[in-house]
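# Overview (structure and organization)
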Amino acid sequence: MNHYPFQLVPLPYAYNALEPYIDEKTMHLHHDKHLQTYVNNLNAALKDYPQLQTWSLEQLLYYSDMLPEQIRTAVINNGGGVYNHNFYFANLSPTQSNPTGELLNAINDQFGSLDNFKTKFKAQALSVFGSGYTWLVINKDGKLEIVNTKNQDTVLPLNSCAVIGIDVWEHAYYLKHYNVRADYIDDWSKIVNWPQAEQNYVSCQKPRTW
Ligand code: MN
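The structure contained in this document is the topic of the report that follows.

Parameters at a glance
Residues numbered from 1 in each chain as written. Predicted model: local features only at pLDDT ≥ 70, side-chain atom pairs only at ≥ 80, totals over all residues. Heavy atoms only, no water. Helix = DSSP H or I, 4+ residues; strand = E, 2+ residues; numbered from the N terminus. Rg over C-alpha atoms; globule rule 2.2 N^0.38 Å. Buried < 20%, exposed > 50% of the residue type's maximum accessible area, 1.4 Å probe, protein only. Contact = heavy atoms within 4.5 Å. Areas by Shrake-Rupley, 256 points an atom, 1.4 Å probe, with all protein chains shown as cover. Lys, Arg positive; Asp, Glu negative; His and termini not counted. Charge placed at Lys NZ, Arg CZ, Asp CG, Glu CD. 1 Å grid on protein atoms, 1.4 Å probe; cavity = no way out; pocket = protein on both sides within 12 Å on 5 of 7 lines; lining within 4 Å. Points joined across faces, edges and corners; volume = space filled by probe spheres on them. Nonpolar A, V, L, I, M, F, W, Y, C, P; charged D, E, K, R; others polar. Domains from an automatic or database assignment.

## Overview of the overall build of the chain
Scanning the chain for helices and strands turns up eight helices and three strands. Its helices and strands in sequence order give the chain the pattern α-α-α-α-α-β-β-β-α-α-α, from N to C terminus. The C-alpha radius of gyration of the chain comes to 17 Å, within 12% of the 17 Å expected for a compact globule of 210 residues. Buried positions account for 45% of the 210 residues belonging to the chain. Pairs at least 24 apart in sequence give 66% of the contacts found in the chain among residues at least 6 apart. A total accessible area of about 10500 Å² is found for the chain, and carbon and sulfur atoms account for 50% of it. Charged side chains of the chain number 15 positive and 20 negative; the gap between the two group centres comes to 2 Å.

## Quick notes on the side chain of N78
Checked against the element boundaries, N78 lands in helix 3 (residues 69-90). With relative accessibility at 11%, the residue N78 sits in the buried group. Discounting chain neighbours no more than four positions away, the residues touching N78 are Y38, N41 and L42.

## Things to note about the layout of surface pockets
The calculated volume of the largest pocket comes to roughly 740 Å³. Surrounding the largest pocket, 26 residues form its lining, E58, Y83, L156, C161 and W210 being those nearest its centre. For the lining of the largest pocket, the secondary-structure elements that each account for two or more residues are helix 2 (57-62), helix 3, strand 3 (161-167) and helix 8 (194-204). Residues of the lining of the largest pocket, tallied by class, amount to 13 nonpolar, ten polar and three charged. Composition of the lining of the largest pocket by domain shows at least three residues from each of domain 1 (24-90) and domain 2 (101-204).

Take a look at the structure:
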């Protein structure tokens, strides 16, 4: 099966649906320009490598050590950009929600309380120096953990599986929140798609399908 060429995945909601927390103009630029560029650059990197065009995005990122050196960095950066952004956009929703069920129990077990988790997550997102992401993952030991990744690195090489994730590149918030990342994190936290996060939490505990 060919995964190539990779396509721009449409937003699962309208560009203005996350207002007033994330503005329509940011969503247009973020999705139509930034993500589209990662898609284009990933496809360009793989253009002359038909043997890699059968690899899934996850395989390309997880087994990046096996890629030809000439395209390895381009695939990590641009493939990571595609993977991380697809995750980020799907993990937001105009319908406000809260964690429940198994995921809420696991958050309480690991972090003491939901409030304590939110405080830790925000502090960790504020601590990303430069561009990157903060994630709630199931780590290689099967435990919930908050981790940061730099640039467009994904959590896949950490043998981790993402439950929620925030893009803290300035392009994600600068038009509305200017330099105040803390305000963006607070607004983002109101539109996390927790039902989607719970699905992630369940599927993260199953054997990989890629
Ligand atoms: Mn971004």
